[in-house]
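Close look at the chain arrangement
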Number of protein chains: 2
Amino acid sequence: MADFKLTRFLPFRLNRLAAEISEELSTLYADRFHIDIPQWRVLATLSAGNGWTAKAIVASTRTHKSTISRAVEALEQRGLIEAVQSSEDKREYRLGLTGSGRRLFRELEPLVLDYQKGLMDKLGETKARRLEQAIAALETALDLAGEETG
Amino acid sequence: MADFKLTRFLPFRLNRLAAEISEELSTLYADRFHIDIPQWRVLATLSAGNGWTAKAIVASTRTHKSTISRAVEALEQRGLIEAVQSSEDKREYRLGLTGSGRRLFRELEPLVLDYQKGLMDKLGETKARRLEQAIAALETALDLAGEETG
DNA sequence: ATATAATAGTTGCAACTGAAACCGTTTCTT
DNA sequence: AAGAAACGGTTTCAGTTGCAACTATTATAT
């Protein structure tokens, strides 16, 4: 009999953990702000500064372009972001938070940061640092790192 | 302007990492064995021994019961697992790998273990151990640990 | 210059998933 | 013992997602 144990298998554990954290986190904004995960990603990305294209958000977040397209559409409908067609390249749109989008994000941000802090507190400083280092190493190994372009 | 950076945010990074690893891993068995992730979880769980109920697999893998139900159905159709109604409790079914299910898993197992080993090699022994410890700590904190019952 | 290819973003479609209602069986309450 | 509640597992339904085909625009090749 093979002694394989799924619950000891790292990819599985990582996946289960990420799902749980994602789930907990999204409850922070789902009901209260009526945004879902892709929308959160768009808002959070734009919070770092305006002028992003959908393509850049796709690259940065590694989310499928159709998913980002729909999130952008929804946020635009609600007036939380604004899209202006680029004059240099009419295929693309420069995205940016509107006033109300920025206000919403300012309300959201501390909740989300508190959640992360709570998690890290549970880990303790040393383990939290080591976790971050391991993640960074895997990101590099898997070519997930530093796709930010601003 | 807020200095929040999604790509530095741990829940996001964990999620992106888990998605990438899951994706890479599932290419190992998707085309070749025509099984998907829930089906892989059922097979892998049963590889540790027969007699599991769907409920136990749900608890162990933290996968939704309707998802497990469908995976079990599909695997049974293909003759990879067998379900026998429990005599003590006719609501439940004792699940087990069939001969061909066991053969398939024996073929699959080394691929999957090699993949994990490749990942850990990229991390190095020390970081791999620390990652495991951090994950274990988070599992405990989030109540994800040790739901195995056999 | 013109045809071809590549690119940014959108959309139709099929597959997948979770919530909730459901069925049959078992357990609890009285 | 009878009715209610709980439970294991299934199914329906609605929502979400990714793929692939599409439109419009820009870049490349000849």
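Residues numbered from 1 in each chain as written. Chains lettered and ligands numbered in written order. Predicted model: local features only at pLDDT ≥ 70, side-chain atom pairs only at ≥ 80, totals over all residues. Heavy atoms only, no water.

**Here we look at the protein's contact with DNA strand C**
Close contacts around DNA strand C come from 19 residues, with Lys55, Ser69 and Arg91 of chain A together with Thr67 and Arg91 of chain B the closest. One nitrogen or oxygen atom from the side chain of Ser66 of chain B is found 3.3 Å from a base nitrogen belonging to DNA strand C. With respect to DNA strand C, the side chain of Arg70 of chain B contributes an N or O atom lying 3.1 Å from a base nitrogen. Taken together, the elements giving at least two residues each to the surface near DNA strand C come down to helix 3 (54–61) and helix 4 (65–77) of chain A together with helix 4 (65–77) of chain B. Element by element, the count of residues in the surface near DNA strand C is highest for helix 4 of chain A, at 4 residues. Split into classes, the residues belonging to the surface near DNA strand C amount to 3 nonpolar, 6 polar and 10 charged. (Near = heavy atom within 4 Å. Polar contact = N/O pair within 3.5 Å; in protein donor to acceptor, adjacent residues only side chain to side chain. Helix = DSSP H or I, 4+ residues; strand = E, 2+ residues; numbered from the N terminus. Nonpolar A, V, L, I, M, F, W, Y, C, P; charged D, E, K, R; others polar.)

**As for the side chain of Ser22 of chain B**
Here Ser22 of chain B lies in helix 1 (residues 10–33). Reaching out from Ser22 of chain B, the side chain makes a polar contact with the side chain of Asn15 of chain A at a distance of 3.2 Å.

**Looking at unusual backbone geometry**
Positive phi, normally seen in glycine, also occurs at His34 of chain B, with a value near 55 degrees. Here His34 of chain B lies in the loop between helix 1 and helix 2 (37–46).

**Examining the pattern of salt bridges**
One pass over the full model with this rule turns up 14 salt bridges over all chains. For Arg8 of chain B, the salt bridge goes to Glu132 of chain A, with nearest N and O atoms at 4.0 Å. Linking Arg8 of chain B in the segment before helix 1 with Glu132 of chain A in helix 6 (residues 125–141), this pair reaches from one chain into another. Residue classification places Glu132 of chain A among the partly exposed residues on the basis of a relative accessible area of 26%. Linked through salt bridges whose partners overlap, the residues forming this network are Arg8, Arg13 and Arg16 of chain A together with Glu132 and Glu139 of chain B. (Salt bridge = Lys/Arg side-chain N within 4 Å of Asp/Glu carboxyl O. Buried < 20%, exposed > 50% of the residue type's maximum accessible area, 1.4 Å probe, protein only.)

**So, the relation of the copies chain B and chain A**
These two copies of the chain differ by a rotation about an axis and a displacement along the same axis. Superposition of chain B onto chain A requires a rotation of 180 degrees combined with a translation of 0.0 Å along the rotation axis, giving an RMSD of 0.1 Å. Accordingly, the operation relating the two chain copies is best matched by a two-fold axis. When C-alpha distances to the rotation axis are compared across chain B, the minimum falls at Leu131 of chain B, with a value of 2.8 Å. The fraction of interface residues of chain B whose copies in chain A are also interface residues reaches 100%, indicating that both copies meet through the same surface. (Least-squares fit on C-alpha atoms with pLDDT ≥ 70 in both. Contact = heavy atoms within 4.5 Å.)

**Observations concerning the packing of aromatic side chains**
What the rule picks out here adds up to 12 aromatic pairs over all chains. Ring plane angle 65 degrees and centroid distance 6.1 Å describe the contact between Trp40 of chain A and Phe9 of chain B, whose orientation is recorded as edge-to-face. Of the two residues, Trp40 of chain A sits in helix 2 (residues 37–47) while Phe9 of chain B sits in the segment before helix 1, which places them in two different chains. Comparing Trp40 of chain A with Phe9 of chain B, the two get one shared label, buried. In textbook terms, an aromatic cluster arises when at least three aromatic residues are bridged by ring pairs, as seen for Phe4 and Phe9 of chain A together with Tyr29, Trp40 and Phe105 of chain B. (Phe/Tyr/Trp six-rings, centres within 6.5 Å; stacked < 30°, edge-to-face > 60°.)

**Side note on helix 5 (residues 99–123) of chain A**
In a regular helix each residue adds 1.5 Å, so 25 residues correspond to 36 Å; helix 5 of chain A covers 37 Å between its end C-alpha atoms and thus fits that length. The largest bend in helix 5 of chain A is about 30 degrees, located at Leu108 of chain A, with the proline Pro110 of chain A one to four residues further on. Looking only at helix 5 of chain A, the buried set comprises Gly101, Arg102, Leu104, Phe105, Leu108, Glu109, Val112, Tyr115, Gln116, Leu119, Met120 and Leu123 of chain A. Considering only its buried residues, helix 5 of chain A is in contact with helix 1 (10–33), helix 2, strand 2 (93–97) and helix 6 of chain A together with helix 1 and helix 6 (125–141) of chain B. One or two steps after helix 5 of chain A, the chain reaches Gly124 of chain A, where phi turns positive at roughly 90 degrees. (Expected span 1.5 Å × (residues − 1). Bend = angle between axes of the 7 residues up to and from the residue.)

**Points about the packing of helix 2 of chain B against helix 4 of chain B**
All names here are of chain B. Closest axis-to-axis distance for the helix 2/helix 4 pair is 9 Å, and the angle between their directions is 75 degrees. Classified by the angle between their axes, helix 2 and helix 4 sit roughly perpendicular to one another. Taken together, the residues of helix 4 that come into contact with helix 2 (itself represented by Pro38, Gln39, Val42 and Leu43) are Thr67, Ile68, Ala71, Val72, Ala74 and Leu75. Considering only residue class, the contact of helix 2 with helix 4 consists of 8 nonpolar, 2 polar and no charged. (Axes fitted to C-alpha atoms, helices over the stretch in contact; angles between N-to-C directions. Parallel < 35°, antiparallel > 145°, perpendicular 65-115°, else oblique.)

Read these as layout, nothing more, since geometry by itself doesn't imply function.
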